[in-house]
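# Architecture at a glance
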Amino acid sequence: MKYRSAFDIIGPVMIGPSSSHTAGAARIGRVARTLFGRQPSKAEIYLYGSFAKTYKGHGTDVAIVGGILDYDTYDERIPGSLQLAEQLGMEIVFSVEEAVVDHPNTVRIKLFDDDKEMELVGISIGGGSIEIIELNSFALKLTGEHPAILVVHNDQFGVISKVTYLLAQHEINIGHMEVSRKEKGKMALMVIEVDQNIDQNLMDEIAQLPHITQVIKMVD
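Residues numbered from 1 in each chain as written. Predicted model: local features only at pLDDT ≥ 70, side-chain atom pairs only at ≥ 80, totals over all residues. Heavy atoms only, no water.

### Some remarks on the sheet that holds strand E10 (residues 212-218)
To be explicit about the condition: Paired strands are those between which DSSP finds at least two bridges. Strands here are runs of E lasting at least two residues and helices are runs of H or I lasting at least four, both read from the DSSP assignment and numbered beginning at the N terminus. The convention used is that axes are lines fitted to C-alpha atoms, helices contributing only their stretch in contact, and that angles between N-to-C directions extend from 0 to 180 degrees. Any two residues whose heavy atoms approach within 4.5 Å are treated as being in contact.
The strand order across the open sheet formed by four strands is E8-E9-E7-E10, and the pairing between neighbours is antiparallel. Among the strands making up the open sheet, the edge pair consists of strand E8 (174-181) and E10. The mean inter-strand angle of the sheet, taken between neighbouring strand axes irrespective of direction, is 15°. Sheet topology places strand E7 (residues 148-154) next to strand E9 (residues 187-194); seven bridges connect them, and they run antiparallel. Directly across from isoleucine 149, in E9, lies its bridge partner isoleucine 192. Helix H6 (residues 200-207) rests against E7 and E10 of the sheet, and its axis sits at about 160° to E10.

Okay, here's the thing in structure tokens:
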């Protein structure tokens, strides 16, 4: 299937495909790119449920890859994203999965380069809205609709209160926050969605706290 422009597959005017399979898919791919922090050399994309059944006809494949290339949902380069990724030297591998999942529009994305590897699971919940429900085996809920800070840390007493204290000092209001850990006293992940933009000074202050191993900023 050929598309005349990005708007043939991704709103506001769409011909055929749904926003769940295109705009949502592109947003999941772009969140993956943001969390990875740079262009990967390889992307493995595992499709489940409805995504697995209709991904080519609905443009889900080009949408996800376009997002990984850091294209917004309205970017006219999205229909050619598979070719553009190849030109940039990015290896793309699609896998259709038969496992039963909780949501029909589910994708698992693994990104790689020589120094880094990351894995996330995202769902497209309709109307272009998404949720990231897993990051490197941590369960979470991240919508990508608000500025957010992801803090990887050791599960030690007082770490959470120190982070929230810094947010209060910078007059940052928390809209949603959750903490996930794999094992008591081991590695944990804070996901904090906030109402204001996050400046680099705050990021640096959080990174310097004891027991913090990584801080990632997301903007809406």
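### Some points on the packing of aromatic side chains
To keep it simple, the criterion reads: Stacked, tilted and edge-to-face are the three classes applied to pairs of Phe, Tyr and Trp rings, where Trp contributes its six-membered ring and a pair requires centres within 6.5 Å; stacked means planes under 30 degrees apart, edge-to-face means over 60, and tilted covers the rest. Whether a charge sits over a ring depends on NZ of Lys or CZ of Arg being within 6 Å of the ring centre and within 35 degrees of the ring normal.
Under the definition given, this model contains zero aromatic pairs. Taking the ring centre of phenylalanine 112 as reference, the NZ or CZ of lysine 42 above it sits at 5.8 Å.

### Regarding the pattern of salt bridges
Note the threshold: When a carboxyl oxygen of Asp or Glu is within 4 Å of a side-chain nitrogen of Lys or Arg, the pair counts as a salt bridge. Type-normalised accessible area, obtained with a 1.4 Å probe on protein chains alone, sets the label of each residue: buried when under 20%, exposed when over 50%, and partly exposed for intermediate values.
The full count for this structure, using the stated rule, is nine salt bridges. Glutamate 119 is the salt-bridge partner of arginine 108, the closest N and O atoms lying 2.5 Å from each other. Taken together, the positions of arginine 108 in strand E3 (residues 105-112) and glutamate 119 in strand E4 (residues 117-126) put the pair eleven residues apart, joining distant regions of the chain. The class of glutamate 119 is partly exposed, set by a relative accessible area of 21%. Salt bridges here are not isolated pairs; linked through shared partners, they connect Arg30, Asp70 and Asp72.

### Considerations on the packing of helix H1 (residues 23-36) against helix H3 (residues 60-68)
Threshold: Should an angle lie under 35 degrees it is considered roughly parallel, over 145 roughly antiparallel, and from 65 to 115 roughly perpendicular; all remaining angles are considered oblique. Should the near helix be turned anticlockwise from the far one by less than a right angle, the crossing is left-handed, and should it be turned clockwise, the crossing is right-handed. Classification convention: Asp, Glu, Lys, Arg as charged; Ala, Val, Leu, Ile, Met, Phe, Trp, Tyr, Cys, Pro as nonpolar; all other residues, Gly among them, as polar.
It is the contact of H1 with H3, at a shortest axis distance of 6 Å, that shows an interaxial angle of 30°. Classified by the interaxial angle, the pair formed by H1 and H3 is roughly parallel. Between H1 and H3 lies a crossing of right-handed hand. Residue-level inspection shows Ala25, Ala26, Gly29, Arg30 and Arg33 of H1 in contact with H3, the latter providing Thr60, Ala63, Ile64, Gly67 and Ile68. Grouping the amino acids of the contact of H1 with H3 by side-chain chemistry returns five nonpolar, three polar and two charged.

### Details of the domain arrangement of the protein
Under the convention used in this document: Per the annotation, domain bounds derive from an automatic or database assignment of domains. What counts as buried area is the accessible surface, traced by a 1.4 Å probe, that two parts surrender upon association, with contributions from both included. Whenever a nitrogen or oxygen atom comes within 3.5 Å of another N or O atom, the pair is scored as a polar contact, on the condition that within protein one atom can donate a hydrogen and the other can accept it, and that pairs from neighbouring residues in sequence are kept only if both atoms are in side chains.
Each assigned domain of the protein is listed here: domain 1 (13-136) and domain 2 (148-218). If you average the C-alpha positions of domain 1 and of domain 2, the two centres end up 27 Å apart. Of the roughly 440 Å² buried where domain 1 meets domain 2, counting both sides, 75% is carbon and sulfur surface. Together, Thr34, Leu35 and Leu135 form the three largest contributors to the area buried by domain 1 at its contact with domain 2, with a combined 69%. For the interface between domain 1 and domain 2, the tally reads zero salt bridges. On inspection of domain 1 and its partner domain 2, the count reaches one residue pair in polar contact (both at pLDDT 80 or more). Considering each element in turn, the side of domain 1 that touches domain 2 owes the most residues, three residues, to H1. Classifying every residue of the side of domain 1 that touches domain 2 by side-chain character gives three nonpolar, two polar and one charged.

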